[in-house]
Amino acid sequence: MSNIIRPALSLLVLMTLITGVAYPLVVTSVAQVAFPDQANGSLVRDASGKVRGSSLIAQDFTGDGWFHPRPSAGAFATVSSSASNLGPSNPALATRVFDDAHKQLVPSQGPVPLASLTTSGSGLDPHLPPQAIAYQLARVAAARNVPVSSLQRLLDEHIESPLVGPPVVNVLALNMALEQL
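Our subject in this report is the structure included herewith.

What counts as what
Residues numbered from 1 in each chain as written. Predicted model: local features only at pLDDT ≥ 70, side-chain atom pairs only at ≥ 80, totals over all residues. Heavy atoms only, no water. Helix = DSSP H or I, 4+ residues; strand = E, 2+ residues; numbered from the N terminus. Pairing = 2+ DSSP bridges. Contact = heavy atoms within 4.5 Å. Axes fitted to C-alpha atoms, helices over the stretch in contact; angles between N-to-C directions. 1 Å grid on protein atoms, 1.4 Å probe; cavity = no way out; pocket = protein on both sides within 12 Å on 5 of 7 lines; lining within 4 Å. Points joined across faces, edges and corners; volume = space filled by probe spheres on them. Nonpolar A, V, L, I, M, F, W, Y, C, P; charged D, E, K, R; others polar.

### Focus on unusual backbone geometry
And then number 1: Phi is positive for Asn 145, which is not a glycine, with a value near 55 degrees.
And then number 2: Considering the arrangement of structural elements, one finds Asn 145 in the loop between α5 (137-144) and α6 (148-157).

### Topic: the sheet that holds strand β5 (residues 168-170)
And then number 1: With antiparallel pairing, three strands are arranged side by side in an open sheet as β3-β5-β4. Strand pairing shows two members of the sheet lacking a second neighbour, β3 (127-128) and β4 (159-160), which therefore form its edges.
And then number 2: Pairing geometry for β3 and β5, over two bridges, is antiparallel. By the bridge assignment for β5, Leu 128 is matched with Val 169.
And then number 3: Contacting β3 and β5, helix α7 (residues 171-179) runs over the sheet at an angle of about 60 degrees to β5.

### Considering the layout of surface pockets
And then number 1: Put simply, the largest pocket is a space of about 480 Å³.
And then number 2: Contributing to the lining of the largest pocket are 22 residues, with Phe 61, His 68, Asp 100, Lys 103 and Gln 104 lying nearest its centre.
And then number 3: The dominant element in the lining of the largest pocket, judged by the number of residues it contributes, is helix α3 (residues 91-104), at five residues.
And then number 4: The residue inventory of the lining of the largest pocket, partitioned by class, reads seven nonpolar, seven polar and eight charged.

Bear in mind that shape data such as this cannot, by itself, settle questions of function.
Right under this line is the structure:
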């Protein structure tokens, strides 16, 4: 019996050390050297060095003086990162979308962009299409007493063109730049 148990336990300890200790240490070390910003959470810091968030996770901005991100199914909490899983026929989804559209509607600008009303798959997507941000320009300009043209320039500076997919704007980065105006 010990001819079977001893090699099995030895193999268990060896594989635990390799896959549970050595491999994670190597991967973490390589990530810290090759991609330190991404390995540490893609943190966004203000001018004083204080962490304001992550460029990968949306934050809730309330009030007319800020650009608002897309809605979050989990109230922007990373623990519950997922979609709402409400189907198109669910009355709760229709009610939420209707309420959000009513809050964001600017009568002279037409319907609210769809991206401003729908959650992302993770519920934490920090990006919006430039058109969804442009829809908010008049509201933010009025609340901050700045010309719309200044905000349009700010928006143009923050449009990102990913390798795959349409152009997007990181709402946290845009709001941090807005704070500097």
